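# Working through the structure, step by step
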Amino acid sequence: MIPDLTNASPEMREWYALSEDIRTAAKAIAGPPRPMTHIEVLLAIGTAIANEREAAKRGER
């Protein structure tokens, strides 16, 4: 079920734009909600930057 997204963040709108099977798989991988440590936040951001650079090298961006 998709909630009312009237006041949702862009990230929340993007999340619900994904198909339900992808959202279910992502939830299974991520596990229950928990606070992230600073290093986990840095790793997530660093990984995203590295992925974007690799995509740019391949001409995808």
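None of these values were measured; they are calculated from a predicted model. (Residues numbered from 1 in each chain as written. Predicted model: local features only at pLDDT ≥ 70, side-chain atom pairs only at ≥ 80, totals over all residues. Heavy atoms only, no water.)

## A closer look at the overall build of the protein
For clarity, the cut-off: A run of H or I in DSSP becomes a helix once it reaches four residues, and a run of E becomes a strand once it reaches two; helices and strands are each numbered from the N terminus. Only the C-alpha atoms count toward the radius of gyration. The rule for a globule is 2.2 Å times the residue count to the power 0.38. Here the Shrake-Rupley method, with its probe set to 1.4 Å, supplies the accessible areas, and only the displayed protein chains count as covering residues. A positive count includes Lys and Arg, and a negative count includes Asp and Glu. His and the chain ends are not counted in either. By convention, charge coordinates are those of NZ in Lys, CZ in Arg, CG in Asp, or CD in Glu.
Each helix and strand in the protein was counted, giving three helices and zero strands. When the helices and strands of the protein are listed from N to C terminus, the series reads α-α-α. Compactness check: the protein gives a C-alpha radius of gyration of 15 Å against a globular reference of 10 Å for 61 residues, more than 25% above the reference. Projected onto its principal axes, the C-alpha coordinates of the protein cover approximately 40 × 30 × 25 Å. When the accessible area of the protein is evaluated, it comes to approximately 5500 Å², of which 63% is carbon and sulfur surface. Each charge sign in the protein was given a centre, from 8 positive and 9 negative side chains, and these centres are 4 Å apart.

## Quick notes on the pattern of salt bridges
Stated precisely, the cut-off is as follows: Salt-bridge detection follows one rule: a side-chain nitrogen of Lys or Arg within 4 Å of a carboxyl oxygen of Asp or Glu. Each residue's exposure class comes from its accessible area (1.4 Å probe, protein chains only) as a fraction of the maximum for that residue type: buried when under 20%, exposed when over 50%, partly exposed otherwise.
Taken as a whole, this structure holds two salt bridges when the rule is applied. Across the pair Glu40 and Arg34 runs a salt bridge whose closest N-O atoms are separated by 3.0 Å. Residue Arg34 is classed as exposed on the basis of its relative accessible area of 52%. In this structure, the salt-bridge partner of Glu54 is Lys57, at a minimum N-O distance of 3.5 Å. Here Glu54 and its partner Lys57 are both found in helix H3 (residues 38-57), three residues apart, which amounts to about one turn of the helix. The partly exposed category is assigned to Glu54, whose relative accessible area is 39%. The exposure class assigned to Lys57 is exposed, which follows from its relative accessible area of 67%.

## A word on the environment of Tyr16
Convention followed: In this analysis, two residues are considered to be in contact whenever any of their non-hydrogen atoms come within 4.5 Å of each other.
With respect to the helices, strands and loops of the structure, Tyr16 is situated in helix H1 (residues 10-17). Remark: the alpha-carbon pair of Tyr16 and Ala55, spanning 39 residues in sequence, is separated by 24 Å. Setting aside residues no more than four positions away along its own chain, Tyr16 makes contact with Met1, Ile2, Pro3, Leu5 and Arg23.

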